[in-house]
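Residue-level listing of the chains:
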Amino acid sequence: MNQYTSGFGFPQDVIFDDARARRVLSQKWFFVGTRGDVPEPRNYFNFQLFDDQYFLLHGTDGVIRCMVNRCQHQSARLLKQDTGKCPASIICPNHQWAYNLNDGTLRNAPGFGKEFPTSAEGVSRGLQQVPVVEISGMIFACLSDNPDYSDMDEIVKIIAPYTDPFGFEKGGYKLAHHHREIIDANWLMVMINNRECCHCTNNHKGLTQLFDPSSFNGAETPAYKVLFDRAVQRWEGLGLTWQEKAFTLNDSARIARYPMYENYKSITFDGAPASKKLIGPFEDYDPSTLSMWFNPNAWIHFTSDHIATNWVLPLGPEKCALYSSWIVRDDAVEGEDYDVAHLTNVWKVTNAEDVGLCMSMTSGARSTHYKPGPFAADEQHCKQFCDWYMKYSA
Ligand code: FES
Ligand SMILES: [Fe+2]
């Protein structure tokens, strides 16, 4: 089956077609981190898409920008660590060309004379910038010369009523931990795996202790209905929007609140708080997560004491990078208010379990016997993802 059929997985040639992935990622907006990844002025955050390296940089004017992480002199890498703090200028480690933090313009080029940065050649040597949009503290980038902002308008409309109470875009949060991993898996397999939880009961024994399986699989068991109704009462008491929203005009995003079992205060294996400092609208721990999924590459969870982000970008046909961050209130103190291992354990363990599945699916998709399989009704979001990808990568 080489033709794509809606309701089935991708054909083999689509899965490993880097040119197609590049097309979609040069036309559509994709998730590249949050204000929590670069909470302070001069903080930066590196990421990579195929051979291209970029960084987010929190300017001294408070604006978060995205620039190409390559020097305009002889193309050396400018910022080397995954995350870090820039000096007063962005300085190339090679021959010390210096760029202004807030606009990437060239400031100094040793050996070229004082006038060079303001000459026509010097002006043309500013760092290349990529357009970004910040929505509720979440940053989306677009590589198109002519970005279509309608997806961003749609995402604002969908998520703002849920995320506004967290005030993430106003600051007040910090990066407690960041983890990135290069995975020997195709990035589309990672996304398909993420869009269904039919694999969860068997493969995420830890995660599924926190949630009733009905949360993810649409099975309306009476016990889940009781749990959910009680959660709705709590959420409404706090003035929180809770109705799931999805499948809108451009299919850019889905958002839902899920109750956890009531003996869990946060997304931790022992149910104890992940951080002693509550965030957003919460004055007490709420056993729930506000979760959102963005096409083409991210899934995010807001709880009452931290935010966890996960997103993926392709590096090659069988290689991708998975980025995960844990963000807490900025006055939370490591060792006193939170413990990094305790805070990060659920998603670290769950992601590692998923990585194994995604590697297995990738090698299966390489097989001469590969045939796209059908999606069950409970895998409807996989169908939605595949339809979306085929539509925008053509
Ligand atoms: S390569 Fe950056 S200064 Fe020469
Ligand atoms: Fe999973």
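Residues numbered from 1 in each chain as written. Chains lettered and ligands numbered in written order. Predicted model: local features only at pLDDT ≥ 70, side-chain atom pairs only at ≥ 80, totals over all residues. Heavy atoms only, no water.

*Asks:* What is the right way to look at the pattern of salt bridges in this model?
*Replies:* Summed over all chains, the structure comprises 14 salt bridges. Between Asp-387 and Lys-383 there is a salt bridge, with its nearest N and O atoms 3.2 Å apart. Residue Asp-387 and its partner Lys-383 are both found in helix α10 (residues 380–393); the two are separated by four residues, about one turn of the helix. Asp-387 gets classed as partly exposed once you look at its relative accessible area, which sits at 24%. (Salt bridge = Lys/Arg side-chain N within 4 Å of Asp/Glu carboxyl O. Helix = DSSP H or I, 4+ residues; strand = E, 2+ residues; numbered from the N terminus. Buried < 20%, exposed > 50% of the residue type's maximum accessible area, 1.4 Å probe, protein only.)

*Asks:* I would appreciate a short explanation of the environment of Ala-76 in the present structure.
*Replies:* Mapped onto the secondary structure, Ala-76 falls in the loop between β4 (64–68) and β5 (83–85). Note: C-alpha distance between Ala-76 and Cys-92 (16 residues apart in sequence) is 7.2 Å. When residues no more than four places from it in sequence are discounted, the contact partners of Ala-76 are Asn-69, Arg-70, Cys-71, Cys-92 and Asn-94. (Contact = heavy atoms within 4.5 Å.)

*Asks:* What is the right way to look at the sheet that holds strand β1 (residues 30–34) in this model?
*Replies:* Hydrogen bonds along the backbone pair up the strands of a sheet, which may run parallel or antiparallel. Here three strands make up an open sheet; going across it, the order is β1-β11-β10 and the pairing antiparallel. At either end of the open sheet lies a strand with only one pairing partner, and these are β1 and β10 (132–135). Averaged over all pairs of adjacent strands, the angle between strand axes in this sheet comes to 30°, irrespective of strand direction. Bridge analysis of β10 against strand β11 (residues 138–141) gives four bridges, and the strand direction is antiparallel. (Pairing = 2+ DSSP bridges. Axes fitted to C-alpha atoms, helices over the stretch in contact; angles between N-to-C directions.)

*Asks:* Please explain the coordination of the iron ion (ligand 2) as it appears in this structure.
*Replies:* Tetrahedral coordination by four donors puts the ideal angle at the metal at 109.5 degrees, and octahedral coordination by six puts it at 90 or 180 degrees. Taken together, His-199 (NE2), His-204 (NE2), Asp-354 (OD) and Asp-354 (OD) make up the protein donors of the iron ion (ligand 2), found 2.0 to 2.4 Å from the metal. What the four donor atoms of the iron ion (ligand 2) show is an angle range of 58 to 146° at the metal, which sorts the shape as irregular. Each donor residue of the iron ion (ligand 2) lies on the same chain, and together they follow the pattern H-x4-H-x149-D. For the pair His-199 and His-204, a shared accessibility class is recorded, and that class is buried. (Donors = N, O, S within 2.8 Å, 3.2 Å for Na, K, Ca; no water. Tetrahedral: all angles 85-135°; square planar, octahedral: opposite > 155°, others 65-115°.)

*Asks:* How should I be thinking about the sheet that holds strand β16 (residues 307–316) in this particular structure?
*Replies:* Reading across from one edge, β12-β17-β16-β15-β14-β13 is the order of the six strands in this open sheet, with antiparallel pairing throughout. Of all strands in the sheet, those bounded by a partner on one side alone are β12 (173–183) and β13 (253–259). Taken pair by pair, the neighbouring strands of this sheet meet at an average axis angle of 15°, ignoring direction. Summarising the sheet, strand β14 (residues 288–294) and strand β15 (residues 298–302) pair through five bridges and their orientation is antiparallel. The residue bridging Leu-290 from the neighbouring strand is Phe-302, located in β15.

*Asks:* Please explain the pairing of strand β3 (residues 52–58) as it appears in this structure.
*Replies:* Both faces of the sheet carry side chains from a regular strand, because those side chains alternate between them. The buried fraction of β3 amounts to six of the seven residues, a majority that puts the element mostly inside the structure. Once strand β2 (residues 43–49) ends, the chain turns through two residues before running back antiparallel as β3, passing Phe-50 with a positive phi of about 50°. Hairpin connection of β3 to β4: five residues between the antiparallel strands, including Gly-62 at a positive phi of 90°.

*Asks:* How should I be thinking about the state of the cysteines in this particular structure?
*Replies:* Here a disulfide denotes one covalent bond, and it connects the sulfur atoms of two cysteines. Applying the stated rule across the entire model yields one disulfide. Covalent S-S linkage joins Cys-197 and Cys-200, the inter-sulfur distance amounting to 1.8 Å. Around the S-S axis, the bridge from Cys-197 to Cys-200 shows a dihedral of about -105° and counts as left-handed. Cysteine Cys-358 shares no disulfide, and the gap to the nearest cysteine sulfur, in Cys-320, comes to 7.5 Å. (Disulfide = S-S within 2.5 Å.)

*Asks:* Teacher, can you tell me more about the pairing of β4 here?
*Replies:* In terms of burial, β4 is largely enclosed, as five of its five residues are buried. The alternating pattern of β4 places Ile-64, Cys-66 and Val-68 and Arg-65 and Met-67 on opposite faces, both of which are buried. Pairing analysis gives five bridges linking β3 to β4, with the strands arranged antiparallel. Among the inter-strand pairings, Leu-57 is bridged to a residue of β4, identified as Arg-65. The pairing of β4 with strand β9 (residues 129–130) spans two bridges and is antiparallel. Pairing of Met-67 across the sheet is with Gln-129, part of β9.

*Asks:* Any chance you could explain helix α4 (residues 150–163) here in plain terms?
*Replies:* Owing to its 3.6 residues per turn, the α-helix aligns residues three or four sequence positions apart on the same side. The end-to-end C-alpha distance of α4, which contains 14 residues, comes to 19 Å, matching closely the 20 Å that a straight helix rising 1.5 Å per residue would cover. The sharpest bend along α4 measures roughly 30° and falls at Lys-157, with the proline Pro-161 sitting one to four residues further on. Listed as buried for α4 are Asp-151, Met-152, Glu-154, Ile-155, Ile-158, Ile-159, Ala-160, Tyr-162 and Thr-163. If you follow the buried residues of α4, they end up packed against β10, β11, β13, β14 and β15. (Expected span 1.5 Å × (residues − 1). Bend = angle between axes of the 7 residues up to and from the residue.)

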